[in-house]
Amino acid sequence: MPGSDRKAPYAYAGLDRVFHEKARLGIATSLAGHAYGLGFSDLKALCGLTDGNLSRHLQVLEEAGFVALDKGYVGKRPHTLCRLTDLGREQFMAYLAELERVLRQAARATAGRSVDDLKTSPQAG
Amino acid sequence: MRDIDHALSDIAGIRAQLASSTRFHGLAPAAIAGSGAFAFLAAVAQTLWPERLSNDPARYVAVWVSVAVASAALILVEGLARVGRMHGAMASTMVVGTARQMAPFGVAGAGITLILYDSAPGSVWILPGLWQILIALIGFTSLETCQGPSSGRPAGTLFVAWPCSSLPAGERRCHRG
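We now turn to the structure provided with this report. All values derive from a computational prediction rather than experimental measurement.

Considerations on the interface of chain A and chain B
1) Next: Of the residues lining the interface, 22 residues belong to chain A; the matching set on chain B comes to 22 residues.
2) Next: Interface of chain A and chain B: buried area, both sides summed, is about 1800 Å²; carbon and sulfur atoms make up 67% of it.
3) Next: It is Y36, M93 and L103 of chain A in chain A that bury the most area against chain B; as a group they hold 32% of the surface buried on that side.
4) Next: Counting the contacts that link chain A with chain B gives 1 salt bridge.
5) Next: Across the salt bridge formed by E100 of chain A and R15 of chain B, the nearest N and O atoms sit 2.6 Å from each other.
6) Next: Contributing elements (two or more residues each) for the side of chain A that touches chain B: α2 (22–32) and α5 (86–109) of chain A.

Structural notes on the sheet that holds strand β2 (residues 67–74) of chain A
To summarise the sheet geometry, strands pair through backbone hydrogen bonds and adopt either a parallel or an antiparallel arrangement.
Residues and elements named next belong to chain A.
1) Next: With antiparallel pairing, 3 strands are arranged side by side in an open sheet as β1-β3-β2. Where the open sheet ends on each side, the last strands, each with one partner, are β1 (38–39) and β2.
2) Next: Strand direction decides the pairing type here: β1 and strand β3 (residues 77–84), joined by 2 bridges, are antiparallel. Within β3, the position partnered with L38 by the bridge is C82.

Regarding helix α5 (residues 91–119) of chain B
Residues and elements named next belong to chain B.
1) Next: With 29 residues, α5 extends 41 Å from end C-alpha to end C-alpha; this agrees with the ideal 42 Å at 1.5 Å per step.
2) Next: For α5, the principal kink sits at M102 and spans about 35°; a proline, P104, occurs within the next four residues.
3) Next: Looking at α5, one finds that the buried residues are A91, M94, T98, F105, G109, T113 and L116.

What counts and how
- Per chain, residue numbering runs from 1 following the sequence as it is written.
- Chains carry letters and ligands carry numbers; both start at the beginning, A for chains and 1 for ligands, and go up in the order they are written.
- pLDDT decides what is reported in this predicted model: residues at 70 or higher carry local features, side-chain atom pairs at 80 or more are listed and counted, and totals for whole chains, interfaces and linings draw on all residues regardless.
- Only hydrogens and water are set aside when side-chain values are computed; all heavy atoms of the structure are taken into account.
- Any two residues whose heavy atoms approach within 4.5 Å are treated as being in contact.
- Accessible area, probed at 1.4 Å, shrinks when two parts are joined; the buried area is that loss added up over both.
- Whenever Lys or Arg places a side-chain nitrogen within 4 Å of a carboxyl oxygen from Asp or Glu, that contact is recorded as a salt bridge.
- In DSSP terms, a helix is any run of H or I states spanning at least four residues, a strand is any run of E spanning at least two, and both are numbered starting from the N terminus.
- What makes two strands pair is DSSP finding at least two bridges between them.
- Expected span of a helix: the number of residues minus one, times 1.5 Å.
- Consider a residue and the seven residues that end there alongside the seven that start there; fitting an axis to each set, the bend is the angle between those axes.
- To sort residues, take the accessible area from a 1.4 Å probe on protein chains only and compare it with the maximum for the residue type: under 20% means buried, over 50% means exposed, and anything in between is partly exposed.

Rendered as structure tokens:
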């Protein structure tokens, strides 16, 4: 909301918590380039996650409506295809826009400071 | 390059990847059909009034360029409205991506028109057929991102088959005439 942006420019309400987690960000980014989705094992290899971890994060994304899981068989083996839904694609694009805004604000805020200053400065919050 | 610039560049890359793998919903069937109706009306008008609309190469080209401009405007207006409605935050990225995909075909069409009109004005009658083949190529190259293979392949095949069969027939008619 523009109004709330003016009141709290660093609130970053658009950083959706569903995506704003390392593993889920990796999953969404991996799926972003594949219109027809990726198999569970491919996704596991790309994100460096265990079966249990990937299942848990996919469940969170599925419950939010951002990922669809199509379960079927390839030959006689069970195969799960994971893909971003239209809502997931739209929300991930909005998340990336907000993340970009954060980085641009950070770039402006640190524009006058040297790299050494940034390395030694205490973290906020 | 600073870390922040590197991160911004990564985000731009992910965004482009996301847009290129997302199906574009901006092409409205009604607008596409409308462009076909414009072409049909132009062909009928040229058949009914050949002296006014088709005997002179300049007028012939003017009629078909008008059809192309009107069709592009119709598809663009309807497409922009649909994109805003159906793609939300992705709208501008999707429009830019699709425009980038289609631009080479537009440039090729304009180039063919200019070259043909300039160097072989007696053969400008083949222009609509050549444009149709270019439109078929757009259809085939955008199978994954625009309409989906099930509807795109038959439409693209028809767009290639029709001029490929009608151009030789036109050629024979020209020789008889």
